[in-house]
Structures are given as C-alpha cells and as structure tokens.
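Structural description and commentary
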Amino acid sequence: MDIRPARTPAELQAAEALFDGPARTEWSERFLASPGHLMLIAYVDGAPVGMVSGVEMSHPDKGTEMCLYELSVDEGHRRRGIGRALTEALGAEAGKRGCYGMWVGVDTDNEAALATYGAAGAHDEGVFTMRGWPIAP
C-alpha cells in the first residue's frame, strides 16, 4: 500500500468511487487550492482503495487543529488496516503542519469507524450533537 497526497483534480476523479458522489472538477480545484485542505489517497497495485480528507482550523486562542473530515475505504479492501494507516498518516501530516491536535465527529453507532479511530489512537471525548444550516448559493 502506498499513501500519498492528491495534487490534481484527475487524481480525485480517479478516486471518486470512494466518495459519496462524483468529484466535480470545479470543487476539486477549489479543494486542492485551499490552504489547509488535504486529501490523502491509499493505493494498492496502483488503484485508489482508500482516502482521508482533513481540514485545518485555526482560532486566535487555540491555535490550529486538524479536522478529519471524511474517511473511506473500498469495501473489498476493508479490515486490512488501510483506514487506520490513512488516519495515522493524516495525524502525522497534522503534526508536520504544527497542529496541536486532530479530531473527528462520528456517529455513535458507527462501530467500524469507532474501531478504526480507536486503533489509530483516538480517545473518546464524550457524546456531542451536531447541528447544520443548509445554505443555498
């Protein structure tokens, strides 16, 4: 397995089976051009089999932390340590970027994600609720 950062929209489009929907060129370009955005892709035999995206967030009184935005592993490659390796690689990159920590929001009944994050060293920081605001462009 080889893990490397995505640098082009073509790389994201080649990995779009790992996403919830198609990788649109304009969104891919914006993601890749945004400082603090990172997409790592895991390859097996040259084919993308997993991805993790991270977004740096900074605050005047806290510094910068990494949010693990999304993790996905191809169904045929699960339970092989790819998710853990991607999570650990994102954490290592966060450290190189000067982040003081990394966090992820996960559904409390998502046992696969909880196991993956636990295996990568994450600690349970308690239950929280998430609220969202849809904003039409």
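Scroll up a little and you will see the structure.
Report on the accompanying structure. On a predicted model such as this, the values are computed, not experimentally measured, just so you know. (Residues numbered from 1 in each chain as written. Predicted model: local features only at pLDDT ≥ 70, side-chain atom pairs only at ≥ 80, totals over all residues. Heavy atoms only, no water.)

To continue, consider the nonpolar core. Looking at soluble globular proteins, one finds that nonpolar side chains tend to be buried together. Judged by nonpolar contacts, the single largest core of 15 residues is most densely connected at Leu 40, Val 52, Ile 82, Leu 86 and Leu 90. Among the elements that make up this core, the one with the highest residue count is helix 3 (residues 82–96) (4 residues). Leaving out residues up to four positions away in the same chain, Val 52 has contacts with Leu 38, Met 39, Leu 40, Leu 68, Glu 70, Leu 71, Leu 86 and Leu 90. Core analysis: the next-biggest nonpolar cluster, separate from the first, contains 11 residues, Phe 19, Phe 31, Met 39 and Met 51 among them. (Core = buried A, V, L, I, M, F, W, Y, C linked by side-chain atoms within 4.5 Å. Buried < 20%, exposed > 50% of the residue type's maximum accessible area, 1.4 Å probe, protein only. Helix = DSSP H or I, 4+ residues; strand = E, 2+ residues; numbered from the N terminus. Contact = heavy atoms within 4.5 Å.)

When you tally the buried positions in strand 2 (residues 37–44), you get 6 out of 8 residues, the bulk of the element. Inspection of the sheet shows strand 1 (residues 2–5) paired to strand 2 by 4 bridges, in the antiparallel sense. By the bridge assignment for strand 2, Asp 2 is matched with Tyr 43. Sheet analysis places strand 2 next to strand 3 (residues 47–59), joined by 8 bridges and oriented antiparallel. Across the sheet, Ala 42 pairs through a bridge with Gly 50, a residue of strand 3. Hairpin geometry of strand 2 and strand 3 is characterised by an intervening segment of 2 residues between the two adjacent antiparallel strands and by a positive phi of about 55° at Asp 45. (Pairing = 2+ DSSP bridges.)

Honestly, that's just the spatial picture; any functional story needs more than this.
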